[in-house]
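Each chain, written out:
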Amino acid sequence: MPVCLASDSQVNMNRPLPELLAPAGSIDALLAAVAAGADAVYCGLGAFNARASAKDIEPVEFVRAVRLAHAHGVRVYVTCNVYLREHELVPALDLVREADAAGADAFIVADVAQVRAIRRAIPHAEIHLSTQTGVMSPAGVEYVREHLGVERITVSRELSLSEIASVCSVGMPIEVFCHGAICICYSGACAASALRRGRSANRGDCTQPCRFTYDLQDGEGSSVNVQEGERLLCPRDYCSIDHVRELVEAGVSALKIEGRMKNPDYVFNVVGAYRRALDAVGAGSWDSDVAAACKRKLGMSFNRGFTDAYLRGASGAELMSFERACNQGLRVGELVERRYEEVSVRLCDAVRAGDMLEIRSTPGPDAPADVPKRWPQVPCPVDAKAGEVIDVHCKRKVEVGSIVNRISSVEVLERTDAALARMHAELESYSSDYLPAHVGRCAPEPLGLSVEPAVSTARGACLSVAVDTPVRAAALLHDVRVDEVVVRQMALDEDADAWEDLLPRLTVMLDEPARMIDEARTRYLCRRARKVICRNYAHMQMAKETDVPFDVAAPLSVTNGQSAAWFGQCGASCVWLPDELSLDEAREAVCSAAHEGVRVGMLACGYPQLMVTEHCLLTAEGPCSHSCGTCERRRQERYLVEASGARLPVRVDAHGRTRTFDACMLNRIEDVDALLRFGASGFAIDAMLLDEGELECAIDTLAAACAAASEA
């Protein structure tokens, strides 16, 4: 059951304050975080971290930065939170060794192979499990605590306050995000950038497709989007400032600020706001006035508008920034008069000369084609206080009554520059002697692809078919070409009674999210199904408790043989590779896993899933009834349409979660022979978006390919 938080008058402030953890995507950002009062910082060192485009910190610079941070009582964490390919295991461990020798206090890791390699090679190292791993419930925490032995877990951003309190009650140190950008997809479960644009979010190279423009269309190609804006996947920025005291009471160990791609002034200002909030909570002086002051301070830095929807247990249109994906700033006034190339603005907040103002006035449909569609941005000419009226030069035609926001603050920039000057002077006082750490390797060398293990079954491979209707399932259970019939949990939840008699003969692919609200249903399916496919550590805990046979699949991502071996040791009968792997990457993973004696499977035909979101995309059609189970919109054909015209199929489940699929079919049937020679032992057809003819052709072709390979 969810844990109820105490009211303001009942809050027990005997709990220690959580650590304030700040992003450090550059040396200046690290110095800004230390100056602003962070308790810890997290940074990358150029490779194997989930921000491939960040400037990161050079190794020699890192040595001095760690010494400066430690002098201020600030801990330094290194992010190594991508899923590693086989040939990267050794260099990734070498990087950790170097960072450890330089004084790093902990490592943020996602790949279980790296967790195990660090634990063997550097037993004293502190390991924090990345949010990429998708831990979001007490069951997931329990499994990780027992089987991975990490020191801290960063949980999913989608959790409510009551869920956070329940996760913390397990007794593991829990880190939660408190501020910054939100991935609309559950972390670790997004393949949109990889499959649509060839750059993987799980490799730190996301192209941010959630910030692009889209239309939502019906099956006939007509738009059903009624929102003012086309950023249908773009959420506002996470802001927990109104809930800091509740998070402290929930028992979180760390509040994490997102932003390794942000400028130092952003880090300095945001850290300062949360430092003030935490100190006020600790001193017993936290109230609505302090909260409002902190929120105003946060609004002076880059933001897409703020939301606390997830913390309140909501995920509808209030979560989203439909109009734009760039900085929205903070309201400082209203346009009260328009003249030739000049406007008058009545202020509701103080401004400084040099602040950048944005007049939120959009040209109408009759405006000439050469008029920019973006809201005009103009510099503030004077210092002025709230209540004053100032004149601002503006050549564009704008409307009286338009809101005026500040999108850049001279005050923040000046204070940041002054702090950085002090910190750089101090940094120069620390030596930069570098401590190499390439000694005593314990990780296995990467495996080559020259060995061709024998196929694992007489037939060559297990053929699985995933279906979405009980009629299809019943028919395929009698098809001699098919070894296993799989059904997604989301399909079962549409009409549970219709599936009930079939369950003991089916493999159930459990949903990617595994939150507390999902646990009762998931445990029931584990007790009833022939086998389950676990996609979260919580599922593995429930499979263990119910003693059901299980496979694993992404978002429990396996991209190397060592990870596959660990899941095999935990009891997985087959490990399914992520759909986003290229053919060469799949061959490498298959070969290395086969050497470890692990059965490995992959999708051979179907439309891959791009993302799963807690947000219901259909809220773009208008107000939500909050009756997901009976919602008529869900039963209509819907497509998310890219600017290119590509139509991405959309499915919303009975819980209001949205799954978006690729517009292009993935077809690897021609590669089956090569993959079998390298050791693949399972192939899947996802029939959800295939018609009967396509499904029959795929089964016949794939079954023949597997049979031919086994006879060769």
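Parameters and conventions
- Residues numbered from 1 in each chain as written.
- Predicted model: local features only at pLDDT ≥ 70, side-chain atom pairs only at ≥ 80, totals over all residues.
- Heavy atoms only, no water.
- Pairing = 2+ DSSP bridges.
- Helix = DSSP H or I, 4+ residues; strand = E, 2+ residues; numbered from the N terminus.
- Axes fitted to C-alpha atoms, helices over the stretch in contact; angles between N-to-C directions.
- Salt bridge = Lys/Arg side-chain N within 4 Å of Asp/Glu carboxyl O.
- Buried < 20%, exposed > 50% of the residue type's maximum accessible area, 1.4 Å probe, protein only.
- Right-handed = clockwise from strand over helix to strand, strands pointing away.
- Expected span 1.5 Å × (residues − 1).
- Core = buried A, V, L, I, M, F, W, Y, C linked by side-chain atoms within 4.5 Å.
- Contact = heavy atoms within 4.5 Å.
- Polar contact = N/O pair within 3.5 Å; in protein donor to acceptor, adjacent residues only side chain to side chain.
- Parallel < 35°, antiparallel > 145°, perpendicular 65-115°, else oblique.

A.B. asks: How should the sheet that holds strand S16 (residues 389-393) be read in this particular structure?
C.D. replies: Consider a sheet: its strands pair through backbone hydrogen bonds, and that pairing is either parallel or antiparallel. The six strands are arranged S15-S14-S17-S12-S13-S16 in an open sheet whose pairing can be described as antiparallel. Single-partner strands in this sheet number two, and they are strand S15 (377-379) and S16. The mean angle between the axes of side-by-side strands here comes to 40°, regardless of whether they run parallel or antiparallel. Sheet topology note: the strand S14 (residues 356-359)/strand S17 (residues 403-408) ladder contains four bridges and is antiparallel. The residue of S17 that forms the bridge with Ile 359 is Val 404.

A.B. asks: What's the story with unusual backbone geometry in this structure? I'm lost.
C.D. replies: Apart from glycine, the bulk of residues carry a negative phi angle, and the bulk of peptide bonds sit in the trans form. Going from Ala 554 to Pro 555, the amide bond is cis rather than trans, its omega being 15°. A positive phi is found at Gln 208, a non-glycine position, where the angle reads about 55°. Locating Gln 208 in the fold gives a position in the loop between helix H7 (192-197) and strand S8 (214-218). A positive phi angle is found at Glu 341, which is not glycine, with a value near 55°. Along the polypeptide, Glu 341 turns up in the loop between strand S12 (330-339) and strand S13 (342-347).

A.B. asks: What is the right way to look at the pattern of salt bridges in this model?
C.D. replies: Between side chains of opposite charge, a pair can form as their charged atoms come close. Counted by the stated rule, this structure contains 57 salt bridges. We note a salt bridge from Glu 399 to Arg 338, for which the minimum N-O separation is 3.8 Å. Taken together, the positions of Glu 399 in the loop between S16 and S17 and Arg 338 in strand S12 put the pair 61 residues apart, joining distant regions of the chain. Accessibility expressed as a relative area gives 37% for Arg 338, which makes it partly exposed. Here the salt bridges do not stand alone but share partners, grouping Glu 19, Arg 75, Glu 126, Arg 152, Glu 175 and Lys 256 into one network.

A.B. asks: Got a minute to help me understand the pairing of strand S3 (residues 75-80) in this structure?
C.D. replies: Remember that side chains alternate between the two faces of the sheet whenever the strand is regular. Buried residues dominate S3, accounting for five of its six residues. The pairing of strand S2 (residues 40-43) with S3 spans four bridges and is parallel. Paired with Cys 43 across the two strands is Val 78, which belongs to S3. Summarising the sheet, S3 and strand S4 (residues 106-109) pair through four bridges and their orientation is parallel. In the strand pairing of S4, Thr 79 is matched with Ile 108. Handedness of the S3-helix H3 (residues 89-101)-S4 crossover: right-handed.

A.B. asks: Explanation requested: helix H9 (residues 264-283) in the structure shown.
C.D. replies: For an α-helix, 3.6 residues make a turn, and residues three or four places apart therefore share a direction. Over its 20 residues, H9 extends 28 Å from the first C-alpha to the last, a length consistent with the 28 Å expected when each residue adds 1.5 Å. Among the 20 residues of H9, 15 are classified as buried, and the element is accordingly described as predominantly covered. Trailing H9 by a residue or two, Gly 284 shows a phi angle of about 80°, which is positive.

A.B. asks: Mind showing me how you'd approach the nonpolar core here?
C.D. replies: Within soluble globular proteins, side chains that are nonpolar generally end up buried alongside one another. Formed by 199 residues in total, the largest nonpolar core has its most connected members in Phe 62, Ile 153, Tyr 274, Tyr 537, Phe 567, Phe 683 and Ile 685. Examining the composition of this core, we find that eleven residues originate from one element, H9, more than from any other. Apart from the residues within four sequence positions on either side, Ile 153 is in contact with Leu 129, Val 135, Val 141, Val 144, Met 172, Pro 173, Ile 174 and Glu 175. By size, the runner-up hydrophobic cluster in this structure holds 16 residues, among which are Val 345, Val 351, Val 378 and Cys 394.

A.B. asks: Explain the sheet that holds strand S28 (residues 658-661) to me, please; I cannot follow it from the model alone.
C.D. replies: Strand order in the open sheet made by the five strands is S8-S26-S27-S28-S25, with antiparallel pairing throughout. Each edge of the open sheet is held by one strand with a lone partner, namely S8 and strand S25 (609-613). Pairwise comparison of adjacent strand axes, ignoring direction, gives a mean angle of 25° for this sheet. Strand direction decides the pairing type here: strand S26 (residues 638-642) and strand S27 (residues 647-652), joined by four bridges, are antiparallel. Across the sheet, residue Val 641 finds its bridge partner in S27, namely Arg 647.

A.B. asks: It is not clear to me how the side chain of Glu 358 should be interpreted in this structure. Could you clarify?
C.D. replies: As for its placement among the helices and strands, Glu 358 is situated in strand S14. For Glu 358, a relative accessible area of 0% corresponds to the buried category. Of the polar contacts made by the side chain of Glu 358, one reaches the side chain of Arg 324; its length is 2.6 Å. Other than its neighbours up to four places away in sequence, Glu 358 contacts Arg 324, Asn 327, Arg 374, Trp 375, Pro 376, Gln 377, Ile 403, Val 404, Asn 405 and Ile 407.

A.B. asks: So what exactly am I meant to see when it comes to the pairing of S27 here?
C.D. replies: Following S26, the chain reverses through four residues before pairing antiparallel with S27; Gly 645 in that reversal takes a positive phi of roughly 100°. As judged from the three bridges shared by S27 and S28, these two strands associate in the antiparallel manner. Looking at S28, one finds that Arg 651 is bridged to Arg 659.

A.B. asks: Would you take a moment to explain the environment of Pro 123 for this structure?
C.D. replies: Here Pro 123 is to be found in the loop between helix H4 (112-121) and strand S5 (127-129). Here Pro 123 falls in the exposed class, since its relative accessible area comes to 58%.

A.B. asks: Could you clarify how one ought to interpret the packing of helix H2 (residues 59-71) against helix H11 (residues 410-427) in this entry?
C.D. replies: Axes are the key here: two packed helices are described by the angle between their axes and the distance separating the axes. The geometry of H2 relative to H11 is characterised by a closest axis approach of 10 Å and an angle of 110° between their N-to-C directions. Classified by the angle between their axes, H2 and H11 sit roughly perpendicular to one another. On the side of H2, the interface is formed by Arg 64, Ala 65 and Leu 68, while H11 contributes Met 423, Glu 426 and Leu 427.

A.B. asks: What is the right way to look at the side chain of Ser 409 in this model?
C.D. replies: Inspection of the secondary structure assignment puts Ser 409 in the loop between S17 and H11. Under the relative-accessibility criterion, Ser 409 is labelled buried at 4%. One polar contact links the side chain of Ser 409 to the main-chain amide nitrogen of Glu 411, over a distance of 3.3 Å.

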